[in-house]
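Coordinate analysis (summary)
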Amino acid sequence: MLYSNLTVNEQGHLAFAGYDTVELAKKYGTALYVIDEDKLRENCRMYIDAMEKHFGGGAMPLYASKALCFTEIYRIIAKCGMGTDIVSSGELYTAVKAGFPLEKAFFHGNNKTDADIEYAIKNGLGYFVVDNEEELDAISEIAGAYGVMQKILLRITPGIDPHTHKAIMTGSVDSKFGSAIETGRAYEMVEMALSGSNIVLKGFHCHIGSQIFECDPFCDAADIMLGFVAEVKKRYSFKTELLNLGGGFGVRYTEEDPYIDIDANIAQVASHVKKRCEEFGVDMPKILMEPGRSIVANTGITLYTVGSVKEIGELKNYVSIDGGMPDNPRYALYGSAYTVMLANRAEEKADFKCSIAGRCCESGDLIQEGVMLPRPKRGDTLAVLVTGAYNYSMASNYNKIPRPAVLLVGKSGERIAVRRETFEDLCLLDN
Ligand SMILES: *Cc1c(COP(=O)(O)O)cnc(C)c1O
């Protein structure tokens, strides 16, 4: 199957990380997110090793926590020795709750409020990745009030089209993120950062987009960023200590998606970085990367129970499940591809073409269209594979549907990382 943690056991059931998924569905109820803790550690280790090997000392992956965020994941990431990228005070709060070492945290986003900035500084945040001039001024002022010299990176827009869905493309000149090199704005930001009080410019950041399978856009971005590093050295005698090349490596969701060898990709990017540094006569900065999707996607599956099967003549077949866009909005948002299977009948012939519909009052509430399954029946367990990234973290309570539990499984056993929401939880904030 797609990944080594997906197998079929003797009962003909889908097993995940060695666990019978039909048993898990029975024991914990559905809808249920299941996360393979060992695979998570393996993915972290792969990034740490690849970056050390190819970029050398000081290089570090930062886990982009927006992909999957709860307290336990910060503990796991911290233990692996990774840093993290956060995009809101809510994520920062979660990291604080988990005891994550905040000196290794980088605060992103194109509109950090004064409250965000104050909260982060009070908690000893390592770095802000500064998006714009207003934010730079606000950080300078608030850091001053707290008597802090705040470390920052500047978010730079390299002007790259990474050939991905436009909703997840972030590095082009007209992006809402960062300051463009092309327009000269990036240099103005450097000047302001260097003359600002209570801020220490440590380097630069770029992030070109997500779900990118080709290596070229990453190499191009590295080339452009090092050209910028060299120009900044020439103009301002500024030595770039940190260069953060962002996240975005693609993930195989279906058999049609290509394999991506992340170690080989990192090796290629590293050779560009080294070559450019030599060419331009600049010292190689410490390199950071921010993988999110490629750290967590294949660590997760979602289990549902089939409720009904509707055959509309020759037109279409719908299989309805006890979840949908509230726990996985990605098909509704981007038309994202997923692999779907019947977990309790994993070996049966898949000859029934159908669309998987959620339970919301919304025709667009679909998980996938045109998938092949053995003809399902009420009570079957349906598994959607590779849902570790941007599922739980994007979940909502639309239609007042309680969010599923997140169950961690692995060699050390099974444990609930996030308990299932109750109806009481749903009204907790109502007056
Ligand atoms: C979303 C995001 C990431 C992670 O992207 P993935 O595609 O999940 O690897 C990294 N950095 C920034 C700034 C982001 O916005």
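Residues numbered from 1 in each chain as written. Predicted model: local features only at pLDDT ≥ 70, side-chain atom pairs only at ≥ 80, totals over all residues. Heavy atoms only, no water.

**Comments concerning unusual backbone geometry**
- At the junction of Thr30 and Ala31, the peptide bond is cis and its omega measures out at -5° in the coordinates.
- Looking at the secondary structure, you find Ala31 in the loop between α1 (21-28) and β4 (32-36).
- Phi is positive for Lys400, which is not a glycine, with a value near 50°. (Helix = DSSP H or I, 4+ residues; strand = E, 2+ residues; numbered from the N terminus.)

**Quick notes on the packing of aromatic side chains**
- Going through the model one piece at a time under the given rule, you end up with 10 aromatic pairs.
- Measuring from centroid to centroid gives 6.0 Å for Phe204 and Phe238, while their planes differ by 75°, and the two rings are edge-to-face. Placement of Phe204 in strand β11 (residues 199-205) and of Phe238 in the loop between α8 (216-236) and β12 (242-244) is noted, with a sequence separation of 34 residues between them.
- Residue classification places Phe204 among the buried positions, given a relative accessible area of 0%.
- Judged by centre distance (4.4 Å) and plane angle (40°), the ring pair of Phe218 and Phe249 falls under tilted. (Phe/Tyr/Trp six-rings, centres within 6.5 Å; stacked < 30°, edge-to-face > 60°. Buried < 20%, exposed > 50% of the residue type's maximum accessible area, 1.4 Å probe, protein only.)

**Looking at a negative patch on the surface**
- On the surface, Asp114, Glu118, Glu134, Asp137 and Glu141 cluster together to form a negatively charged patch.
- Of all the secondary-structure elements, those providing two or more residues to the negative patch are α5 (114-122) and α6 (133-145).
- At three residues, the largest contribution of residues to the negative patch is made by α6.
- Take Asp137: it is sitting in helix α6. (Patch = residues over 30% accessible without salt bridge, like charges linked within 9 Å, V, L, I, M, F, W, Y side chains within 5 Å. Areas by Shrake-Rupley, 256 points an atom, 1.4 Å probe, with all protein chains shown as cover. Salt bridge = Lys/Arg side-chain N within 4 Å of Asp/Glu carboxyl O. Lys, Arg positive; Asp, Glu negative; His and termini not counted. Charge placed at Lys NZ, Arg CZ, Asp CG, Glu CD.)

**A look at helix α9 (residues 262-280)**
- Under the 1.5 Å per step criterion, the end-to-end length of α9 is 27 Å for 19 residues, consistent within 8% with the ideal 27 Å.
- Listed as buried for α9 are Ile262, Asn265, Ile266, Val269, Ala270, Val273, Arg276 and Cys277. Down the axis of α9, the sector holding all buried residues measures 135°, keeping them to one side.
- Where the residues of α9 are buried, they touch α2 (37-55), α8, β13 (286-289) and α10 (293-296).
- The N-terminus of α9 is capped by Asp261, whose side-chain oxygen sits 3.2 Å from the backbone nitrogen of Asp263.
- Phi for Gly281, located one or two positions after α9, is positive at around 65°. (Expected span 1.5 Å × (residues − 1). Arc of directions from axis to C-beta. Contact = heavy atoms within 4.5 Å. Polar contact = N/O pair within 3.5 Å; in protein donor to acceptor, adjacent residues only side chain to side chain.)

**Brief notes about the nonpolar core**
- Membership of the largest hydrophobic core comes to 130 residues, with the highest contact counts inside it found for Phe204 and Leu382.
- Looking at which element gives the most residues to this core, the answer is α8, with 10 residues.
- Core analysis: the second largest hydrophobic core is formed by eight residues, Val129, Leu153, Leu242 and Leu288 among them. (Core = buried A, V, L, I, M, F, W, Y, C linked by side-chain atoms within 4.5 Å.)

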